[in-house]
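Residue-level structural notes
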Amino acid sequence: VVVDVAVGGTLKLVEEEIAQKHNAKCLDGSLPGFYISHGSTSHWVLYFRGGGWCKDESDCAKRSKTVLGTSTLLPKTFAFSDGFTADDADVNPVFANFTRVILWYCDGASFAGMKEEPIDVNGTTLFFRGRSNMVAMIEDLTVNYNMSQATNVLLSGGSAGGLAVFLHADYVRSLLPPSVVKYKVSPSSGFFLDHTNTRNEPIYPEMIKYIYKMQNASAGVSEQCRCDRVGTQHYECMFAQVAYMYIQSPVFVLQSQLDMWQLENIYTQSNTITSSWQQCLKKGFHNCNTTQIDELNAYGTALLDHARQAHTFNKQGNGGFYHSCFDHDSQQSSGWKHYSVNITMKDAANKWWNSDGDDAQQHTYVQANLLQHSKPHQTNPSCA
């Protein structure tokens with residue numbers, strides 16, 4: 001699935017006084033910013049931009065010289081042509097007339113880091129201020145862009161921005177004006193599993209553990225989660241499957257159980273990845289053998305099982321759309337309109353938004369099967 005980008009929101013950098021108040025900075029020290037498409041002043045979509053993470057100091061130094069680490073390189077306009085932030089009312093009938101804001105991601109840790117002092121990496125000064133950036137952007141929107149009039153707010157985000165929704169769902173609610181009477185959250189492709197790779201190596205878990213410490217992300221995760229864990233395990237609160245357990249706001253999860261990024265970067269990530277796995281994933285499971293199909297099904301089942309184990313999964317007002325399509329962040333692509341689990345992703349999300357405290361079962365869509373041994377291995381025809 002190809003992600004289509006359309007001209008939409010206009011770039012605005014956070015007012016300098018507000019940024020200084022909160023010590024908000026991108027990795028390189030530049031002002032954080034957002035893209036805003038003006039619509040109803042009472043109805044808003046806030047969307048965390050994704051873009052992976054920087055896994056260590058050297059990686060963050062490189063990132064600081066890209067659009068994911070500095071605002072100095074950002075284009076004047078930006079938008080996704082699909083999903084909650086799309087301009088086209090045919091594509092986005094419920095939210096197209098909302099004021100839609102893409103909160104730009106320039107900190108490298110899903111808006112969770114809060115390290116007071118900058119660090120030096122071979123002459124490059126870095127700032128880890130993701131949480132401050134988030135706070136400053138929301139204050140700027142409230143003070144200078146009429147979000148003080150908001151009554152209905154949807155918080156969403158994709159990929160690393162989807163993880164940000166899991167991490168900050170309830171905290172963002174606390175930052176919004178008292179005029180807000182309807183607030184819901186919908187993370188897309190952010191349920192990154194705490195899982196080893198095919199060789200039982202904890203590559204992704206160790207990466208998140210290091211990022212948590214490097215960026216001092218303790219303030220960017222649930223306080224209750226930290227209280228429930230001993231100090232050495234606080235980093236676990238940065239995993240989506242853990243953060244999900246603590247979300248109190250109404251939440252609707254958009255997630256492939258066979259997410260492309262996860263299968264390539266969590267499950268099969270290794271310095272010695274076999275060519276058979278590369279071939280298996282290269283063409284969307286077409287060249288997978290039966291053993292690999294079984295292993296992929298086990299991974300997808302584990303993802304859904306972790307979601308189901310949380311009381312959040314069945315909590316009134318919640319829901320989710322879980323599918324088997326091999327892609328990543330399909331809300332920002334044509335998958336928004338086409339992927340179906342007895343209902344399209346778009347229609348399922350809109351139905352949930354328009355509901356009011358329904359049983360979670362009424363808004364939870366799960367495939368009966370993921371992959372089959374016979375070709376085509378994919379059992380969901382809408383994924384084609």
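Reading guide: rules and limits
Residues numbered from 1 in each chain as written. Predicted model: local features only at pLDDT ≥ 70, side-chain atom pairs only at ≥ 80, totals over all residues. Heavy atoms only, no water. Helix = DSSP H or I, 4+ residues; strand = E, 2+ residues; numbered from the N terminus. Buried < 20%, exposed > 50% of the residue type's maximum accessible area, 1.4 Å probe, protein only. Contact = heavy atoms within 4.5 Å. Areas by Shrake-Rupley, 256 points an atom, 1.4 Å probe, with all protein chains shown as cover. Lys, Arg positive; Asp, Glu negative; His and termini not counted. Charge placed at Lys NZ, Arg CZ, Asp CG, Glu CD. Phe/Tyr/Trp six-rings, centres within 6.5 Å; stacked < 30°, edge-to-face > 60°. Disulfide = S-S within 2.5 Å.

On to the overall build of the protein. Check the secondary structure of the protein and you find twelve helices and twelve strands. Projected onto its principal axes, the C-alpha coordinates of the protein cover approximately 60 × 50 × 40 Å. A burial count over the protein gives 58% of its 384 residues as buried. When contacts within the protein are restricted to residue pairs at least 6 apart in sequence, long-range pairs at least 24 apart make up 77% of them. Summing over all exposed atoms, the protein offers an accessible surface of approximately 15100 Å²; the carbon and sulfur share of this is 48%. Separation of charge centres in the protein, based on 29 positive and 36 negative side chains, amounts to 2 Å.

It is worth spelling out unusual backbone geometry at this point. Note that the residue after Lys375, namely Pro376, is joined by a cis bond; omega there is -5°. Mapping Pro376 onto the fold places it in the segment after β12 (364–366). The phi dihedral of Asn146 is positive, around 70°, even though this residue is not glycine. As for its position among the elements, Asn146 is in the loop between α3 (130–144) and β8 (152–158). Residues other than glycine seldom take positive phi values, yet Ser189 does so here, at roughly 50°. Note on placement: Ser189 falls in the loop between β9 (182–188) and α5 (203–214). Given a relative accessible area of 3%, Ser189 falls into the buried group.

Moving on, we get to the packing of aromatic side chains. This structure, assessed with the given rule, holds 30 aromatic pairs. On the numbers, 5.3 Å between centres and 80° between planes, the contact of Phe192 with Trp261 is edge-to-face. Placement of Phe192 in the loop between β9 and α5 and of Trp261 in helix α8 (residues 260–267) is noted, with a sequence separation of 69 residues between them. Look at Phe192 and you get buried, because its relative accessible area is 1%. Ring plane angle 55° and centroid distance 4.8 Å describe the contact between Phe285 and Phe326, whose orientation is recorded as tilted.

Let's shift gears to the state of the cysteines. One pass over the structure, following the stated rule, counts five disulfides. Across the disulfide, Cys225 is cross-linked to Cys237 (sulfur-sulfur distance 2.0 Å). One quick way to see it: the torsion about the S-S bond of Cys225 and Cys237 is about -95°, and its sign makes the bridge left-handed. On the criterion of sequence distance, the pair formed by Cys225 in helix α6 (residues 223–227) and Cys237 in the loop between α6 and α7 (240–243) is long-range, its members being twelve residues apart. Note on cysteine connectivity: Cys325 is disulfide-linked to Cys383, with sulfurs 2.0 Å apart. Disulfide Cys325-Cys383: the torsion about the S-S bond is -80°, which places it as left-handed. With Cys325 in the loop between β11 (319–323) and α11 (335–338) and Cys383 in the segment after β12, this pair connects stretches of sequence that are 58 residues apart. On the basis of relative accessible area, Cys325 is assigned to the buried category, the value being 0%. For Cys383, a relative accessible area of 16% translates into the label buried. For the protein, the bonded cysteines pair up as 1-4, 2-3, 5-6, 7-8, 9-10 when numbered in the order they occur along the sequence. Looking at Cys227, it has no disulfide partner, and the nearest cysteine sulfur is the one in Cys237, 9.1 Å off.

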